[in-house]
Structure formats: C-alpha cells, structure tokens
Amino acid sequence: MRPYPIGNGTVSPRIPREVAALLDALQLGGASTDALLGLDDAEWRRLLEFCDLAHLALPLSQTNTSGFPDWVVNRLQQNVADNTQRFERVKAAYIEAVSAMARAGASHVVLKGFTQIPDYVGEPRHRSQSDIDVYCPPGHLQRAQSALMKIGYGPVERSDFHADHLPTLSRPGAWKWRGNAYDPEMPPGIELHFCFWNPRVSLIEIPEAERFWERRVIRRLGTMEFCSLHPVDQLGYFALHILRGVLKADWVIHHVLELATFLHNRTRDVEFWSQWHDTHSMKLRKMEAVAFGLAHSWFSCSLPEVVRGEIDHLPPGQQRWLKRFGGAPLEAMFRHNKDGRLLQLLLTQSRTSRQSVLRRVLIPARVPGLDAPNIRIRYRRVLEGGNSNRLVLYAKFLARSAMANAAANLSFLLHGASLWCSTRALTAQFWTFLAVCFFLTSGCPSTSSFSISS
C-alpha cells in the first residue's frame, strides 16, 4: 500500500490502489471514475469484497458505471435488487417488533438504518441494513427485551463492555450465510441501545446527549410510521457515532459518506443550521465538528458557513490531528493503528481521564479465549487455509497480535510526541508516563489489537 491523496487532498492515507479509486468515484465535488476504469479483474474482485465489508457496494452502484466490466455492473445491479427486497423484510420485522414493544409499554426511538432516508441516503434500496437499532430510556429497556424474546428473539452474543447496546437479538432459523451481503432472506437482528453516548467507554462526558430523547419526533417513510430523533439531534447522534468509531478504530467510512451527503445537500438550509447552532451547546458542536471535518476531507462535500466556522475554531490540537492523522481511520481498515486514541486524548478534559486512556491503549487487557471467533478474523476477513489445529491457530493469532500491537504502540508514541511538539497541548510529564507504559507493555497483545465490530 502507498499513500493516495483523496477528497480535497488534505489527507493521503496508505490504502490499496483500488480503494483510492473508489473514493475518487464517491466524491461529492469533482467525482471521477477514471481510476476505476484502469482496474483489472483481480483488483475489481478485491474492491467488491471490500465494498461488501465496508457497506459501499450500493453507493458504488450509484456512480457513473459506464466503462465498468459487464460482470461488475451486473453484480452491482443484483446487489441493489436484493437489497430492495431485503428492506421489505427489515420493515416487516420492525413493524412486528414495535407492536410487541408497544404492548409491553416500552417506548423507543429508531437510530440510524432507515431513519437516514432521505437526507443521508436517497432511497432505502441504496442503503444496506443488517440490524435494527433502537434506543430505549431507563425503565423501558428490559421491557423491550422481554417483549422481543416473547415473539422469538434471543441473544446471539455475549455482553461487550464497549457496546452501547444489549447483546444483539435474533431469531433462530435455518438461514445460512451464502456469501451474499444483501441476501433478502437474511433475518435482521435487533439491538437495544441504552445510551446515546457512553462516557464510561469514551471517558468524555457529554451529558447533553441524553436530552436527545426529549426532542424526539414521529416520522413516516412510505406507509411506515416510526419514532425518530429530531433532525438536529439525529445529526448530532450520527456525528458522535462516527467519532466513537474513530476513537476505537472501527470502520466508519460508509457513515462518513452519509454524513458528507447530508452536509452537501443541506448546505444552504439556513433555517436548519440556525436551529442546530441554537440547540446544541458549543461543546457538543465542537465534538460534531471533528466528524464534519472528516466528511469534508474524505469526500469533498460542501460545508455550511456555520459548520466551516466550527471546524476552523477547533482547538489547535484537534485541527492538527485532522490535518496530520485524518486519514488514520481509513488506514485502520488495512493496517492496525491507534491514532484515533490520540484524538481521544485531546478530547478528554482531565488528567485522570487521559491516564485512563493511556492505560487502555498501552497496557494489556483481557486476551480472547482459545475458541473466540475473531481468532480466525483479520480486518473483517476470515483467514483462509493454513493449519486447522486450534492451538496452532491461537499461537499464530497471539504472535500476529503482539507484533501488530507493538508496532501500533511505537507509532502511537511517535505520532503523539510529534503532535505534542506541534501544539504543546500536553505536559512533558504526561508523555513520560506514556513512554514508560510503552516500554513496560511493548509486544503484549491487547484487546485493541483484535477487536472486530459489525
């Protein structure tokens, strides 16, 4: 992999050539498919596999496909056709679930998914959705879970400290994965969220996020009615969701594209942006502005003047992070890095919180067990071939994780020192503590090396 300038050229992440070509085609200002037209069949196959994992095949289908290989065009058209049917299944599952929750007296709002239509994605068939995400306020969460379990849903995973929701609920059935990420028969899961922002995990307090519930609204999509966040709060929640993903090195590229689309399409909506500015506090707007900055640099979207002003007035450290490490979340899809944690250090408000961030980044945490599913997964891809012996696979996993973690820790320290020197935002004693942590823990695997998010 080599660096490729993307978007407005402010970041040049180290990503595969075919992915850089995809990003060129998805630009909201100055899009070009020229680089895609230069791909050979092997590169196209790698790109389509990546698009399935990154939820970008449907956006790719909406670009100018003239000159693409016929088999690629046919594949993308089939993806759209399958996803059109799949949305009907998602809609039916939601209507049934919300009816059950209503009978149990469990209130909720829907998050992400089909609530992104039409401002973030034009049509439901052009957005993939695996799970239905809903938020339930305190006192309603267990009622909702019990109601869903009564109609056949059950947990399919164990609790995760880093999750903002209960274990995903799904119905047992005969469906099996057949390699189609848009399979109309794939049963949708349901995730019950208990917060809009998790300060226990992020170590960043945003109590204002809990007020999103108070401003909820009723919306309609076709004949379906649902409870959603107010538009300004939906934007706020979505920006925070992206920020959360950046901090934990999750794949956020499709979310950033949707955010860029919203900013681009609503640039001249003066009334909306005035309401957004008056509703959200300065602290919350600055948090959102980091995500807005990524959207602008990755996809060349237009920016409302008020948003541009928020980005321009970010603290120096955060501005430097956007300019120097704004491509890190893209690189993290192919090469482990912890540059998102540098942003977390800049966003935390207390010395205690910063030290907690450092401990989580550098000091080994719980190592996955011998039978953990992510032993066979790397960068969302199942490792094929090789020895089938569990102990051999586990030993290889530990060695691979240790090497990746040591390299990421060293990079984290060097990048952090560089960022500190350019902003003087953190004390010398702070970075001394960081260096000591590194030399005590270098080479040890930590959960940050192998966490996989859906």
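Our subject in this report is the structure included herewith. This one's a predicted model, so the numbers in the text were calculated from it and none came from an experiment. (Residues numbered from 1 in each chain as written. Predicted model: local features only at pLDDT ≥ 70, side-chain atom pairs only at ≥ 80, totals over all residues. Heavy atoms only, no water.)

Before going further, it helps to examine the packing of aromatic side chains. Counting across every chain of the model gives 16 aromatic pairs. A centroid spacing of 5.7 Å and a plane angle of 55° characterise the contact between F196 and F212, whose relative ring orientation is tilted. One end of the pair, F196, is in the loop between β7 (189–193) and α7 (199–202); the other, F212, is in the loop between α7 and β8 (217–221), with 16 residues separating them in the sequence. Each member of the pair, F196 together with F212, is buried. Joined through ring pairs, the aromatic side chains of Y120, F238, F262, F272, W273, W276 and F292 make up one cluster. Across the ring face of W213, the terminal group of R216 is positioned such that the distance to the ring centre comes to 3.9 Å. A cation over a ring is seen here: R266 above F272, with NZ or CZ 4.7 Å from the ring centre. (Phe/Tyr/Trp six-rings, centres within 6.5 Å; stacked < 30°, edge-to-face > 60°. Helix = DSSP H or I, 4+ residues; strand = E, 2+ residues; numbered from the N terminus. Buried < 20%, exposed > 50% of the residue type's maximum accessible area, 1.4 Å probe, protein only. Lys NZ or Arg CZ within 6 Å of the ring centre and 35° of its normal.)

Contact geometry of helix α5 (residues 70–103) with helix α6 (residues 141–150) gives a least axis separation of 8 Å together with a crossing angle of 125°. When the axes of α5 and α6 are compared, the pair comes out oblique. The hand of the α5/α6 crossing is right-handed. Residues A97, A100 and M101 of α5 pack against A144, A147 and L148 of α6. Partitioning the contact of α5 with α6 into residue classes produces six nonpolar, no polar and no charged. (Axes fitted to C-alpha atoms, helices over the stretch in contact; angles between N-to-C directions. Parallel < 35°, antiparallel > 145°, perpendicular 65-115°, else oblique. Left-handed = near helix turned anticlockwise from the far one by under 90°. Contact = heavy atoms within 4.5 Å. Nonpolar A, V, L, I, M, F, W, Y, C, P; charged D, E, K, R; others polar.)

If you look at the biggest cluster of nonpolar residues, it comprises 97 residues, and the most contacted ones within it are F50, F196, W298 and W321. The next biggest cluster of nonpolar side chains, apart from the first, holds 25 residues, and it includes V90, A106, M224 and F226. (Core = buried A, V, L, I, M, F, W, Y, C linked by side-chain atoms within 4.5 Å.)

Here we take up the environment of K338. Tracing the backbone through its elements, the reader meets K338 in the loop between α14 (328–331) and α15 (339–347). A C-alpha to C-alpha distance of 9.6 Å links K338 and H415, two positions 77 residues apart in sequence. One polar contact links K338 to N409, side chain to side chain, over a distance of 2.5 Å. (Polar contact = N/O pair within 3.5 Å; in protein donor to acceptor, adjacent residues only side chain to side chain.)

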